[in-house]
Amino acid sequence: MSASFDNPFDQYLDNCRTRVNAAMAMQIGTLQSEFSATDTQAWLQRLFDAMRYSLLIGGKRVRPTLVYAAAQAVSNSASNATLDHIACAVEFMHTYSLVHDDLPAMDDDDLRRGSPTCHKQFDEATAILAGDGLQTRAFELLAALPDVTANVRVQLIAALAAASGARGMVGGQAIDLGAVQQKI
(Lines give C-alpha, C1' and ligand atoms only; values in the text may rest on other atoms or scores of the structure.)
Protein backbone atom coordinates (compact mmCIF):
# COMPACT_ATOMS: atom_id res chain seq x y z
CA MET A 1 0.00 0.00 0.00
CA SER A 2 1.57 3.27 -1.05
CA ALA A 3 1.29 6.49 0.92
CA SER A 4 -0.97 9.24 -0.31
CA PHE A 5 0.48 12.76 -0.26
CA ASP A 6 -1.43 16.02 -0.33
CA ASN A 7 1.51 18.09 -1.46
CA PRO A 8 4.97 17.78 -3.01
CA PHE A 9 6.67 18.71 0.27
CA ASP A 10 5.19 15.68 2.04
CA GLN A 11 6.38 13.53 -0.87
CA TYR A 12 9.87 15.07 -0.63
CA LEU A 13 10.02 14.36 3.12
CA ASP A 14 8.95 10.77 2.57
CA ASN A 15 11.51 10.29 -0.23
CA CYS A 16 14.30 11.64 1.99
CA ARG A 17 13.20 9.48 4.92
CA THR A 18 13.14 6.37 2.72
CA ARG A 19 16.53 7.24 1.24
CA VAL A 20 18.30 7.83 4.55
CA ASN A 21 16.69 4.80 6.21
CA ALA A 22 18.12 2.58 3.48
CA ALA A 23 21.52 4.29 3.71
CA MET A 24 21.63 4.01 7.51
CA ALA A 25 20.84 0.30 7.41
CA MET A 26 23.88 -0.13 5.18
CA GLN A 27 26.15 2.29 7.06
CA ILE A 28 25.56 1.07 10.61
CA GLY A 29 28.60 -1.12 10.16
CA THR A 30 29.38 -4.73 10.83
CA LEU A 31 30.87 -6.79 13.60
CA GLN A 32 34.15 -7.07 11.72
CA SER A 33 36.83 -5.90 14.14
CA GLU A 34 39.93 -7.08 15.89
CA PHE A 35 37.58 -9.03 18.22
CA SER A 36 35.66 -10.86 15.50
CA ALA A 37 37.58 -14.13 15.71
CA THR A 38 37.16 -14.45 19.47
CA ASP A 39 34.43 -15.91 21.61
CA THR A 40 33.21 -12.37 22.37
CA GLN A 41 31.12 -12.32 19.19
CA ALA A 42 27.82 -12.53 21.12
CA TRP A 43 28.69 -9.44 23.15
CA LEU A 44 29.56 -7.50 20.02
CA GLN A 45 26.32 -8.70 18.43
CA ARG A 46 24.35 -7.31 21.38
CA LEU A 47 26.07 -3.93 20.99
CA PHE A 48 25.37 -3.79 17.25
CA ASP A 49 21.79 -4.94 17.82
CA ALA A 50 21.30 -2.07 20.28
CA MET A 51 22.82 0.44 17.86
CA ARG A 52 20.68 -0.83 14.98
CA TYR A 53 17.55 -0.92 17.18
CA SER A 54 17.97 2.70 18.27
CA LEU A 55 18.88 3.96 14.83
CA LEU A 56 16.22 2.18 12.80
CA ILE A 57 13.29 2.37 15.23
CA GLY A 58 11.81 5.16 13.13
CA GLY A 59 11.62 8.90 13.19
CA LYS A 60 10.85 11.90 11.04
CA ARG A 61 14.47 12.16 9.80
CA VAL A 62 14.34 15.95 9.69
CA ARG A 63 18.11 16.40 10.01
CA PRO A 64 19.03 14.16 7.06
CA THR A 65 16.29 15.83 5.02
CA LEU A 66 17.95 19.18 5.76
CA VAL A 67 21.27 17.76 4.51
CA TYR A 68 19.66 16.74 1.21
CA ALA A 69 17.69 19.99 0.89
CA ALA A 70 20.72 22.18 1.65
CA ALA A 71 22.80 20.39 -0.98
CA GLN A 72 19.97 20.77 -3.49
CA ALA A 73 19.50 24.45 -2.61
CA VAL A 74 23.11 25.28 -3.43
CA SER A 75 23.16 23.07 -6.53
CA ASN A 76 25.77 20.91 -4.88
CA SER A 77 27.50 18.48 -7.20
CA ALA A 78 28.25 15.95 -4.45
CA SER A 79 27.49 12.36 -5.31
CA ASN A 80 24.50 10.58 -3.84
CA ALA A 81 26.88 8.38 -1.86
CA THR A 82 28.58 11.41 -0.33
CA LEU A 83 25.28 13.05 0.61
CA ASP A 84 24.01 9.78 2.08
CA HIS A 85 27.17 9.48 4.23
CA ILE A 86 26.71 13.03 5.52
CA ALA A 87 22.99 12.53 6.15
CA CYS A 88 23.73 9.27 7.98
CA ALA A 89 26.44 10.90 10.09
CA VAL A 90 24.03 13.63 11.19
CA GLU A 91 21.29 11.12 12.04
CA PHE A 92 23.75 8.80 13.85
CA MET A 93 24.77 11.76 16.02
CA HIS A 94 21.15 12.69 16.68
CA THR A 95 20.27 9.11 17.61
CA TYR A 96 23.24 8.92 19.98
CA SER A 97 21.89 12.01 21.73
CA LEU A 98 18.44 10.43 22.06
CA VAL A 99 19.83 7.17 23.46
CA HIS A 100 21.78 9.06 26.11
CA ASP A 101 18.93 11.51 26.79
CA ASP A 102 16.59 8.59 27.57
CA LEU A 103 18.94 7.10 30.21
CA PRO A 104 17.89 7.02 33.88
CA ALA A 105 20.54 9.64 34.77
CA MET A 106 19.06 12.03 32.20
CA ASP A 107 15.33 12.09 31.34
CA ASP A 108 14.70 8.45 32.33
CA ASP A 109 12.26 7.74 29.51
CA ASP A 110 10.72 4.32 28.96
CA LEU A 111 9.51 4.89 25.41
CA ARG A 112 10.98 6.46 22.28
CA ARG A 113 8.80 6.69 19.18
CA GLY A 114 6.30 4.32 20.79
CA SER A 115 8.87 1.57 21.45
CA PRO A 116 10.96 0.75 24.52
CA THR A 117 14.02 2.97 24.83
CA CYS A 118 17.41 1.36 24.26
CA HIS A 119 18.14 0.97 27.96
CA LYS A 120 14.75 -0.71 28.47
CA GLN A 121 15.08 -2.98 25.44
CA PHE A 122 18.66 -3.97 26.31
CA ASP A 123 20.17 -2.56 29.52
CA GLU A 124 21.68 0.71 30.68
CA ALA A 125 25.32 -0.18 30.04
CA THR A 126 24.55 -1.48 26.55
CA ALA A 127 22.58 1.71 25.82
CA ILE A 128 25.53 3.88 26.85
CA LEU A 129 27.87 1.89 24.62
CA ALA A 130 25.35 1.91 21.74
CA GLY A 131 25.14 5.71 21.96
CA ASP A 132 28.92 5.95 22.05
CA GLY A 133 29.17 3.60 19.06
CA LEU A 134 26.69 5.68 17.06
CA GLN A 135 28.54 8.89 17.88
CA THR A 136 31.92 7.58 16.81
CA ARG A 137 30.43 5.96 13.69
CA ALA A 138 29.17 9.42 12.68
CA PHE A 139 32.73 10.75 12.66
CA GLU A 140 33.99 7.61 10.95
CA LEU A 141 31.49 8.16 8.11
CA LEU A 142 32.61 11.76 7.61
CA ALA A 143 36.28 10.77 7.68
CA ALA A 144 35.67 8.26 4.88
CA LEU A 145 33.50 10.40 2.61
CA PRO A 146 33.76 9.30 -1.00
CA ASP A 147 34.73 11.86 -3.65
CA VAL A 148 35.57 14.59 -1.10
CA THR A 149 38.90 16.26 -0.42
CA ALA A 150 40.61 15.77 2.92
CA ASN A 151 40.11 19.49 3.65
CA VAL A 152 36.33 19.24 3.21
CA ARG A 153 36.22 16.09 5.34
CA VAL A 154 38.07 17.86 8.15
CA GLN A 155 35.72 20.86 7.89
CA LEU A 156 32.66 18.59 8.12
CA ILE A 157 34.11 16.68 11.09
CA ALA A 158 34.93 19.95 12.86
CA ALA A 159 31.44 21.31 12.23
CA LEU A 160 29.75 18.17 13.56
CA ALA A 161 32.06 18.08 16.60
CA ALA A 162 31.36 21.73 17.43
CA ALA A 163 27.60 21.37 16.96
CA SER A 164 27.42 18.24 19.09
CA GLY A 165 29.94 19.07 21.81
CA ALA A 166 29.98 21.11 25.00
CA ARG A 167 29.26 24.34 23.10
CA GLY A 168 26.40 22.67 21.22
CA MET A 169 24.17 19.67 21.87
CA VAL A 170 25.99 18.36 24.96
CA GLY A 171 25.98 21.85 26.44
CA GLY A 172 22.27 22.08 25.77
CA GLN A 173 21.74 18.82 27.63
CA ALA A 174 23.73 20.21 30.59
CA ILE A 175 21.49 23.28 30.62
CA ASP A 176 18.44 21.01 30.41
CA LEU A 177 19.63 18.95 33.40
CA GLY A 178 20.50 22.08 35.40
CA ALA A 179 17.07 23.55 34.79
CA VAL A 180 15.09 20.56 36.09
CA GLN A 181 12.33 21.84 38.39
CA GLN A 182 13.42 25.43 37.85
CA LYS A 183 11.61 28.24 36.13
CA ILE A 184 13.74 29.70 33.38
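In this text, all values refer to a predicted model and were calculated from it rather than measured experimentally.

Peer 1: I'd like a rundown of unusual backbone geometry, residues and numbers included.
Peer 2: Phi at Arg61 is positive, roughly 60 degrees, even though this residue is not glycine. If you trace the backbone, Arg61 turns up in the loop between helix H2 (41-56) and helix H3 (62-73). Phi is positive for Gln181, close to 60 degrees, though the residue is something other than glycine. Structurally, the position occupied by Gln181 is in the segment after helix H8 (169-178). Accessibility expressed as a relative area gives 82% for Gln181, which makes it exposed.

Peer 1: Describe a nonpolar patch on the surface, with residues and values.
Peer 2: A surface patch of nonpolar side chains, about 230 Å² in accessible area, is lined by Met106, Leu177 and Val180. As for its position among the elements, Val180 is in the segment after H8.

Peer 1: Break down the nonpolar core for me, citing the residues and quoting the values.
Peer 2: It is characteristic of soluble globular proteins that their nonpolar side chains tend to be buried jointly. Cys88, Phe92, Cys118 and Leu134 are the most contacted members of the largest nonpolar core, which totals 32 residues. Of all elements in the fold, only helix H1 (8-27), H2, H3, helix H4 (80-101) and helix H6 (124-143) reach the threshold of two or more residues within this core. Per-element accounting of this core gives the leading share, 9 residues, to H4. Ignoring anything within four residues of it in the chain, the contact list for Leu134 reads Ile28, Met51, Ser54, Leu55, Phe92, Thr95 and Tyr96.

Peer 1: Could you give me a rundown of empty space enclosed by the protein, with the residues and numbers involved?
Peer 2: Scanning the entire structure with this criterion turns up 1 cavity of 30 Å³ or more. Counted as a void, the largest cavity has a volume near 80 Å³. Taken together, Tyr53, Ser54, Ile57, Thr95, Leu98, Val99, Asp102, Arg112, Arg113, Pro116, Thr117 and Cys118 form the lining of the largest cavity. Those elements giving two or more residues to the lining of the largest cavity turn out to be H2 and H4. For the lining of the largest cavity, the element with the highest residue contribution is H4, accounting for 3 residues. Of the residues in the lining of the largest cavity, the class split is 6 nonpolar, 3 polar and 3 charged.

The rules behind each value
- Residues numbered from 1 in each chain as written.
- Predicted model: local features only at pLDDT ≥ 70, side-chain atom pairs only at ≥ 80, totals over all residues.
- Heavy atoms only, no water.
- Helix = DSSP H or I, 4+ residues; strand = E, 2+ residues; numbered from the N terminus.
- Buried < 20%, exposed > 50% of the residue type's maximum accessible area, 1.4 Å probe, protein only.
- Patch = residues over 30% accessible without salt bridge, like charges linked within 9 Å, V, L, I, M, F, W, Y side chains within 5 Å.
- Areas by Shrake-Rupley, 256 points an atom, 1.4 Å probe, with all protein chains shown as cover.
- Salt bridge = Lys/Arg side-chain N within 4 Å of Asp/Glu carboxyl O.
- Core = buried A, V, L, I, M, F, W, Y, C linked by side-chain atoms within 4.5 Å.
- Contact = heavy atoms within 4.5 Å.
- 1 Å grid on protein atoms, 1.4 Å probe; cavity = no way out; pocket = protein on both sides within 12 Å on 5 of 7 lines; lining within 4 Å.
- Points joined across faces, edges and corners; volume = space filled by probe spheres on them.
- Nonpolar A, V, L, I, M, F, W, Y, C, P; charged D, E, K, R; others polar.

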